[in-house]
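# Observations on the three-dimensional arrangement
Below are the chains, spelled out letter by letter.
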Amino acid sequence: MPQDKFQLIYELEKEIEQRLRKGAYVSNETDQITALHLDNLKLTFFPESILKFRSVYAISLANNMLSSLPSDIQVLRHLVRINLNGNQLQGLPASIGELSELRILNLNRNKLEQLPESIADLKKLRELHLSENALRQLPYRLSELKSLQIIDLGYNQISKLPAEFRDLEIPFKWTYDFQDYGIYLEGNPLISPPASMIKEENQNEIRFHLENSEISAVVNKELKCCIIGPAGTGKTSFRNYLTDVPFEMLPPPTQGIDFDRVKLIKDESEVELRVWDFSGAPQNLSWQTCFFTGRSIYFLIIEPEQIGELKIWLDRFGAIPGAMRLFVIINKSDLSPLFEVDREHLSKRYPFISAIYIVSLMQNIGLEGIIPALFRNIQTFDMYKLNIPVNWGKVIQQVNQSTEPIFSLENMSPLFLSFGVTKPEDQESILELVEDLGIASKMNSEPQMVVLNSWLIQTLTLFFNSEPLRARNGILSGEELDMLLDGLLTEQHHREYLIRFLLEKKLAWSDEAFTLFLPDFFPKEEPDFEFDFESATKLVVPYKSILPEFITKMLVLLLPQMKDKLVWRKGIVTQQPENETISVYTVDN
């Protein structure tokens, strides 16, 4: 016998600890509740009491803070519409596929990275809204949902559509139109089919590409792999572990970034890692973070005694756009055998963490699960086994083998044309792939340039570790800069590119006299200066932590207003001539 309507409402209000506003529920003629509207209530959990509303056919929980759905949601078997737009869902239960009457499922603006295969069991589904999530792959069985009229996939991380999508009868489209039906894909880094093809909406060409994508493409099995962390934690030893080099007690320290390649094979799978071994020297950190890109594998190596720095590093990774995988490796467990971390708390707060291992590289303890976990993770990684059009692959190969480290996009035009890559959107996608694979970096300021990372990183390492830069506290006159570059670079356009890189990445600022200012080398101590702190207007912005590279960029933005070269590593005195205002900006510990 169904429960009394008012008893159900009472239980729901008690669970969520707030009264429902007028219009929050709808009843039918039999006095059963058929719809619930619980938007904007700041709910952090799915109220279990909702599962007692067995007659409900529409639920809206939009703009709350839900992170999961109950595993027994299938008890709401009459559900036709559910709106979960604007929550924090990171996954869906497999039981969602048992909502056999569901027609409209709105999951826009969540944090979904993948969909359960069971979603393909929703045979009556007409609208599936998934825009603004973190999806990288889609279940091929979605093509079985013949009732679908709208699939909104905008602004995810999808680079490849399943070949089976050719069987869907609705058109492929780029820009969302709520008045029309289709598969909407705007804002995705599409490669197969190319975004340019979707934008032209030539349905026959798109379906032909999907039909033949496996034939006319090369399969990418390369991934960029970054080994990072503080100095002296065993990053090079971990690289040696990956590349099957015997453990060395005191390996030579990494100066900037060392490169290596390794092919790993497990069962029938293989992956080739482009390994980047980052130096942990503080003077290199700001420029090194310019090479922290999404669609990469990261190994953070840290020691138990440095666990206080872990949050800073994890916050640093949280700022990286795009999909990534992070493995936390806590080395030297032999020195702290009882050490442990709250893995559940860290994984929940930082969902990009794939696994946490406590190991001893010296004694070969705790390492056995790392490679299997790596292979499990890359199976759902969009860059792995990505189908790249054959002609795109040939362009990438030519860039990788170039003897000239710097070339403009204009100079690349003959290369693109020689392999039949004529559309600007496709050329842009190739350059993004080149960056994702760690082969080269792109400069966006005019004229657009592409530079091989091997040359760029070697040059930056020499520059940032040069004695004149340290001796002059990061302030080099035009003449001093020329003298420094004379010993590093012979080609004038190479010098110009280095300076452009420093300026564009907010690592440095140059005044009209060509004096170059690099905040990473400013004096640590605050200089003496007169300022009426007592009567000055004060503005304090509290932060739990501020990354050093953020301070660098902040100072670069303020340097044009600098007064009398009053600068230090965590502060600056500025002057605005138009209103004679003098300000002091400083970051306290």
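So, how was this worked out
- Residues numbered from 1 in each chain as written.
- Predicted model: local features only at pLDDT ≥ 70, side-chain atom pairs only at ≥ 80, totals over all residues.
- Heavy atoms only, no water.
- Pairing = 2+ DSSP bridges.
- Helix = DSSP H or I, 4+ residues; strand = E, 2+ residues; numbered from the N terminus.
- 1 Å grid on protein atoms, 1.4 Å probe; cavity = no way out; pocket = protein on both sides within 12 Å on 5 of 7 lines; lining within 4 Å.
- Points joined across faces, edges and corners; volume = space filled by probe spheres on them.
- Nonpolar A, V, L, I, M, F, W, Y, C, P; charged D, E, K, R; others polar.
- Phe/Tyr/Trp six-rings, centres within 6.5 Å; stacked < 30°, edge-to-face > 60°.
- Buried < 20%, exposed > 50% of the residue type's maximum accessible area, 1.4 Å probe, protein only.
- Lys NZ or Arg CZ within 6 Å of the ring centre and 35° of its normal.

Sheet analysis places strand S12 (residues 257–266) next to strand S13 (residues 269–278), joined by 10 bridges and oriented antiparallel. Its bridge partner lying in S13, Ile 265 is registered against Glu 270. The antiparallel hairpin formed by S12 and S13 contains two residues in its connecting segment, where Asp 267 sits at a positive phi of about 55 degrees.

Bringing the layout of surface pockets into the picture now. Here the largest pocket is characterised by a volume of approximately 1800 Å³. Lining the largest pocket are 50 residues, with Ile 551, Lys 570, Thr 586, Val 587 and Asp 588 sitting closest to its centre. The set of elements that each furnish at least two residues to the lining of the largest pocket consists of helix H5 (282–288), helix H6 (310–318), helix H16 (548–558) and strand S26 (581–586). Residues that form the lining of the largest pocket fall into these classes: 26 nonpolar, 12 polar and 12 charged. In this structure, the second largest pocket spans a volume of roughly 960 Å³. Forming the walls of the second largest pocket are 28 residues, and the residues nearest its centre are Gln 90, Lys 111, Glu 113, Pro 351 and Phe 352. Among the elements that take part in the lining of the second largest pocket, helix H7 (residues 343–349) stands out by supplying three residues, more than any other. Tallied by class, residues from the lining of the second largest pocket come to nine nonpolar, 13 polar and six charged.

Applying the stated criterion across every chain, the model contains 22 aromatic pairs. Taking 6.3 Å as the distance between ring centres and 90 degrees as the angle between the ring planes, the aromatic pair formed by Trp 287 and Phe 291 counts as edge-to-face. Residue Phe 291 is classed as buried on the basis of its relative accessible area of 3%. With a centroid separation of 5.9 Å and an interplanar angle of 15 degrees, the aromatic rings of Phe 292 and Phe 317 are classed as stacked. Highlighted residues: Phe 292 in the loop between H5 and strand S14 (296–302) and Phe 317 in helix H6, separated in sequence by 25 residues. Note on accessibility: Phe 292 and Phe 317 belong to one class, buried. Feature note: the residues Phe 259, Trp 276, Phe 278, Trp 287, Phe 291, Phe 292, Tyr 298, Phe 317, Phe 463, Phe 464, Phe 501 and Phe 521 constitute an aromatic cluster, connected by ring pairs. Taking NZ or CZ as reference, Lys 224 lies 4.2 Å from the ring centre of Trp 276, over its face. Note that Arg 316 overlies the ring of Trp 313, its terminal NZ or CZ placed 4.6 Å from the centroid.

Don't take any of this as a statement about function, it's just geometry.
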